[in-house]
Amino acid sequence: MTETQRNLEPAVPVIWLLGKTGAGKTSLVRALTGAGEVGNGFEPGTRGAAVHDFPPQAAAVRFLDTRGLGETGYDATPDLEQAGKTAQAILAVIRLDDPVQAPVVAVLRDTSLPVLLVFTGADLVTETGAQVRARAHVTSMIGREFPSVTMALPADGLVVGIEALLDALDSFMPRAASILRRAEEARAFAKNRPLVLRYAAMAGASDVVPLTGLATVPAAQGAMLHALARKYDVELTPARMGLLASALGTGALVRMATGMALRQGAKLIPGFGQTLGAAAAAGTSFATTYALGRAASAWLHGLSRGAAPDSATLRSLYDQALKGAKHAAD
């Protein structure tokens with residue numbers, strides 16, 4: 001795909017999910033966006049094509065899920081024609097243990113859209129040779145080479161292959177891939193949010209006593225960063241700590257350090273310091289620790305996948321988390 005073609009990706013890209021009933025299309029959408037985070041509707045002009053908007057309130061990516069091909073009594077022709085006009089790319093979802101793919105193959109032979117073959121059921125067909133033969137069988141039927149990924153999408157268990165799918169999608173739908181990557185990172189943070197909240201609460205509670213917070217708050221933040229790094233299976237070396245500090249920007253770090261010094265001074269004011277000053281210090285230490293954890297989580301998530309987010313993204317996450325935590329503390 002040329003750079004011009006990449007720039008033509010619309011503000012709300014449409015991805016066509018093509019496959020037979022039971023291939024795993026709905027499971028794939030849930031894996032990419034998170035269960036309960038997609039809206040359902042029907043594409044105008046079709047009889048059986050469900051639309052999944054992500055996020056449902058203000059779509060940034062739209063999945064067009066045509067009805068399972070090969071169903072008895074279902075003439076897919078009108079729906080396929082409409083989908084071909086609407087979508088910018090096809091994710092052809094094919095089960096490794098289902099060799100009968102004639103209805104899907106017929107569409108892929110004629111389409112001019114970019115195609116990614118998504119082979120599902122890697123948790124069911126575990127032998128490498130069998131997977132290779134299944135993929136080769138489909139490619140031989142199509143008569144064309146398309147990029148492909150192999151995935152496991154168990155109802156309960158570890159989803160495998162999301163990162164490979166996003167890498168492949170990035171080559172022809174970069175905006176959609178970027179949006180879905182952020183969704184993946186947000187889900188990862190949701191799992192680690194209790195840990196961040198715990199350390200933020202520790203930092204806030206330790207910053208009530210005058211001057212104590214100068215030592216206890218940075219200690220709580222450092223412990224939080226190492227705990228998060230273990231969650232993402234990343235070794236948090238001094239060099240990497242420096243990279244995180246650089247990515248957050250000196251402005252944020254200076255504001256954090258200056259604010260800490262001012263809070264300690266305020267707590268020394270007789271009367272005010274022991275009441276409002278201490279409460280304000282505790283609330284601010286909670287908020288800054290939480291914001292640091294939110295940004296660090298995104299950075300570690302990206303680092304664990306070989307592509308840490310840029311500084312602008314990290315600073316935005318930090319600022320948003322800081323604002324939200326301060327609001328919650330008020």
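Here's what I pulled together on the structure shown here.

Calculation criteria
- Residues numbered from 1 in each chain as written.
- Predicted model: local features only at pLDDT ≥ 70, side-chain atom pairs only at ≥ 80, totals over all residues.
- Heavy atoms only, no water.
- Core = buried A, V, L, I, M, F, W, Y, C linked by side-chain atoms within 4.5 Å.
- Buried < 20%, exposed > 50% of the residue type's maximum accessible area, 1.4 Å probe, protein only.
- Helix = DSSP H or I, 4+ residues; strand = E, 2+ residues; numbered from the N terminus.
- Contact = heavy atoms within 4.5 Å.
- Polar contact = N/O pair within 3.5 Å; in protein donor to acceptor, adjacent residues only side chain to side chain.
- Axes fitted to C-alpha atoms, helices over the stretch in contact; angles between N-to-C directions.
- Parallel < 35°, antiparallel > 145°, perpendicular 65-115°, else oblique.
- Nonpolar A, V, L, I, M, F, W, Y, C, P; charged D, E, K, R; others polar.
- Pairing = 2+ DSSP bridges.
- Right-handed = clockwise from strand over helix to strand, strands pointing away.
- Salt bridge = Lys/Arg side-chain N within 4 Å of Asp/Glu carboxyl O.

**Looking at the nonpolar core**
For step 1, the next point in the chain: By size, the foremost hydrophobic cluster in this structure holds 32 residues, and its most contacted members are M224, L300 and L314.
For step 2, the next point in the chain: Within the residue set of this core, elements represented by two or more residues are helix 7 (174–206), helix 8 (213–231), helix 9 (238–248), helix 11 (273–304) and helix 12 (311–329).
For step 3, the next point in the chain: For this core, the element with the highest residue contribution is helix 11, accounting for nine residues.
For step 4, the next point in the chain: Excluding residues that lie within four positions of it along the chain, L314 makes contacts with L244, A247, L248, A295, A298, W299 and P309.
For step 5, the next point in the chain: Counting residues in each nonpolar core, the second largest holds 31 residues, with A60, L116, M151 and L165 among its members.

**Some remarks on the side chain of T111**
For step 1, the next point in the chain: Following the sequence through the fold, T111 ends up in the loop between helix 4 (102–110) and strand 6 (115–120).
For step 2, the next point in the chain: Reaching out from T111, the side chain makes a polar contact with the backbone nitrogen of L113 at a distance of 3.1 Å.
For step 3, the next point in the chain: Setting aside anything within four residues of it in sequence, one finds T111 in contact with I90 and R144.

**Section: the packing of helix 2 (residues 25–33) against helix 6 (residues 162–170)**
For step 1, the next point in the chain: Between helix 2 and helix 6, whose axes approach to 11 Å, the crossing angle comes to 85 degrees. By the angle class used here, helix 2 and helix 6 are roughly perpendicular. On the side of helix 2, the interface is formed by L28, A31 and L32, while helix 6 contributes I162, L165 and L166.
For step 2, the next point in the chain: Residues that form the contact of helix 2 with helix 6 fall into these classes: six nonpolar, no polar and no charged.

**Focus: the pairing of strand 5 (residues 89–95)**
For step 1, the next point in the chain: Burial of strand 5 is extensive: six of the seven residues sit out of reach of the surface.
For step 2, the next point in the chain: Two elements, strand 1 (residues 14–19) and strand 5, share five bridges in a ladder whose sense is parallel. Across the sheet, the residue bridging to L17 is L91, located in strand 5.
For step 3, the next point in the chain: Once you follow strand 5 into helix 4 and on to strand 6, the crossover reads as right-handed.

**Remarks on the pairing of strand 3 (residues 49–54)**
For step 1, the next point in the chain: Of all six residues in strand 3, six are buried; the element is thus mostly enclosed.
For step 2, the next point in the chain: Neither face of strand 3 is left uncovered, since the one carrying A49, V51 and D53 and the one carrying A50, H52 and F54 both have all their residues buried.
For step 3, the next point in the chain: Of the strand pairs in this sheet, strand 3 and strand 4 (residues 61–66) are connected by six bridges, and their pairing is antiparallel. Counted as the bridge partner of A50 is D65 from strand 4.
For step 4, the next point in the chain: Linkage of strand 3 to strand 4, two consecutive antiparallel strands, is achieved through a turn of six residues.

**Concerning the pattern of salt bridges**
Where side chains of opposite charge bring their charged atoms close, a pairing between them can arise.
For step 1, the next point in the chain: Counted according to the given criterion, the structure contains eight salt bridges.
For step 2, the next point in the chain: The partner of R62 in a salt bridge is D53, with the nearest N and O atoms 2.7 Å apart.
For step 3, the next point in the chain: The partly exposed category is assigned to R62, whose relative accessible area is 28%.
For step 4, the next point in the chain: Overall, the relative accessible area of 15% leaves D53 in the buried class.
For step 5, the next point in the chain: Of the charged contacts in the structure, one is a salt bridge between E185 and R294, with a shortest N-O distance of 2.8 Å.

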